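Residues per chain are reported as follows:
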Amino acid sequence: MPRSHRSPRRTIRPAVSALVLALALTACGSGGASTGPATLDWYNFPDDSGALQQAADACGRASGGRYTIRYDRLPRSADGQRQQLVRRLAAHDAGVDIMGLDVTWAPEFAEAGWIREWTGALREQATADTLAAAVRTATWKDRLYAAPYNSNTQLLWYRDDLVPAPPHTWAEMLAQADALDKAGKPHYVEVQGAQYEGLTVWFNTLVTSAGGSILTPDATAPSLGAPAVAAAGVIRDLAHSPAADPSLANQMEDQNRLAMESGTAAFELNYPFVYPSMKANRPDLLPHFRWAPYPAVTADRPATVTIGGIDLAVGAYSRHPELAQEAALCLRNRDNQLVNALKGGLPPSLRSLYTTAELTESYPFAADVLAALDTASVRPQTPAYQNVSIAVSHALSPPSAVRPESTVASLGGQLRDALGSKGLIP
């Protein structure tokens, strides 16, 4: 039988199959109509308080059925978080919609083309009522690449049953610790001395507090100089003082918290999360657990504490970039930042929240945090920051081996090598 005379039944089947396939592709494809809300994957630090999941659920409901947010927990360490995000983005993973960036990552991720710029009305919304230092952390080459989610800073925490008046400088604090040691009382100064990012943060705070910087303003060469020598001198003096915890070279924020709660320390340089922890774990010590501005390096210059926090960026390969930016704005809105502060212990990036009764009742130190953030320093902004941080923490570890002049001279060479590195650390 000639082909032109095939039966109608046999010629219809392929057409029906093609129609079914086309309808399926239209329903599932990112460019066509959706049968349900888009699912946005939000990669962020692991939160045990429930604040992040609460925000994700609230924003999904507020979208009116246009999207839901799936909160994907990153590893606990900042290095582990960065490594997972770098691997996904280098592979052009379209499933990375929103990500929580450490405040040092925006230049690296922006330069690599992994995150979207915030422009126009979206930029205005992402920066309105937002702390200036927080906006700086999310900016690279005058372009905004993330929306500040939360901020963070360190205060001096101390026991007023041991120290009636808090010290104003590091030298005063070490002298008070020495006197407490001689009296047989708790006297340790708890600070981050392990070889990791916390040690870099400590050094950056000391250098900027002494009037200097780790890198030049354009971040193309080491700056260091006399302020860095003074900063290294503070680290050396603590390490060789009775104030030094025997575990100084291995101490991170949580070990500092636990040492203070155990009753062996008189001072602690740490973030506000230590207050709700002390309230829960040592209510007997809480009435004597006080706070003050971070100690200065020199008596004539207040400390400039390194800002911390998380910025929300949208992946360059996201299938739903507009929805992701909208969702990020919702995640960092006033209500969600307040919940994150009250439940998660993380200071907001929105200035107006610092004077609300809800926050000040739980954060009696809110004004001190805001004052520190208004004068905060920012870590060197460069795509090579990871290399810079590794060089700093390596040069200063262990603190007891620091020799201010020679350590800083050696660090200068390591920083030049770090800035000359090609490519990104995996």
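Procedures and definitions
Each residue is numbered by its place in its chain's sequence as written, counting from 1. Two thresholds apply to this predicted model, a pLDDT of at least 70 for residue-level local features and 80 or more for giving and counting side-chain atom pairs, whereas whole-chain, interface and lining totals are computed over all residues. Working from all heavy atoms in the structure, the side-chain values ignore hydrogens and water. In plain words, nonpolar cores are sets of buried Ala, Val, Leu, Ile, Met, Phe, Trp, Tyr and Cys residues tied together by side-chain atoms within 4.5 Å. Working definition: with a 1.4 Å probe on protein chains only, accessible area under 20% of the residue-type maximum means buried, over 50% means exposed, and in between means partly exposed. Comment: elements are numbered from the N terminus, with helices defined as DSSP H or I runs of at least four residues and strands as E runs of at least two. Residue contacts are counted whenever heavy atoms from the two residues lie within 4.5 Å of one another. Confidence of the predictor at the level of single residues is given by pLDDT, which spans 0 to 100. Aromatic pairing here means that ring centres of Phe, Tyr or Trp (its six-membered ring) are within 6.5 Å. Orientation follows from the plane angle: under 30 degrees is stacked, over 60 is edge-to-face, and everything else is tilted. In this description, strands pair whenever DSSP reports at least two bridges between them. Interaxial angles span 0 to 180 degrees and are taken between N-to-C directions of axes, which are lines fitted to C-alpha atoms, for helices over the stretch in contact.

Looking at the nonpolar core
- Membership of the largest hydrophobic core comes to 48 residues, with the highest contact counts inside it found for Trp 170, Val 189, Trp 202, Phe 203, Phe 267 and Leu 415.
- Looking at this core, the elements that each hand over two or more residues are β7 (155-159), α7 (170-182), α8 (197-209), α9 (225-239), β9 (265-270), α16 (385-395) and α17 (404-419).
- The leading source of residues in this core is α9, at seven residues.
- With sequence-adjacent residues up to four places away left out, Trp 202 is seen in contact with Trp 170, Val 191, Gln 192, Gly 193, Ile 235, Leu 238 and Tyr 294.
- Counting 47 residues, the second-largest nonpolar core is a separate cluster that includes Leu 89, Trp 118, Trp 140 and Leu 331.

Overview of the confidence of the model for the protein
- Averaged over all residues, the pLDDT of the protein equals 91, while 90% of them reach at least 70.
- Overall, residues 1-34 carries pLDDT values under 50, and its contacts beyond four positions in sequence, including any with other chains, amount to eight contacts.
- Note on residues 422-426: pLDDT under 50 across the span, and ten contacts to partners over four residues away in sequence or across chains.

Details of the packing of aromatic side chains
- One pass over the full model with this rule turns up 14 aromatic pairs.
- On the basis of an interplanar angle of 90° and a centroid distance of 6.0 Å, the ring pair of Tyr 275 and Trp 291 is categorised as edge-to-face. Within this pair, whereas Tyr 275 is found in helix α11 (residues 274-281), its partner Trp 291 is found in strand β10 (residues 289-292), the two being separated by 16 residues in sequence.
- Ring plane angle 70° and centroid distance 5.2 Å describe the contact between Tyr 275 and Phe 365, whose orientation is recorded as edge-to-face. One end of the pair, Tyr 275, is in helix α11; the other, Phe 365, is in the loop between α14 (357-362) and α15 (366-374), and 90 residues separate them in sequence. Grouping residues by exposure puts Tyr 275 and Phe 365 together as buried.
- Taken together, the ring pairs connect Trp 157, Tyr 275, Phe 289, Trp 291, Tyr 363 and Phe 365 into an aromatic cluster.

Digging into the sheet that holds strand β1 (residues 38-44)
- As summarised here, the arrangement of the five strands in space is β2-β1-β3-β11-β6, forming an open sheet in which the pairing is mixed. Lying at the two open borders of the sheet, with one neighbouring strand each, are β2 (67-73) and β6 (147-152). Direction aside, the axes of adjacent strands within the sheet are offset by 20° on average.
- Running at roughly 70° to β2, helix α12 (residues 321-331) makes contact with β1, β2, β3 (98-102), β6 and β11 (308-314) of the sheet.

Brief notes about α12
- In terms of burial, α12 is a largely internal element, nine of the eleven residues being buried.
- What α12 keeps buried is the set Pro 321, Leu 323, Ala 324, Gln 325, Ala 327, Ala 328, Leu 329, Cys 330 and Leu 331.

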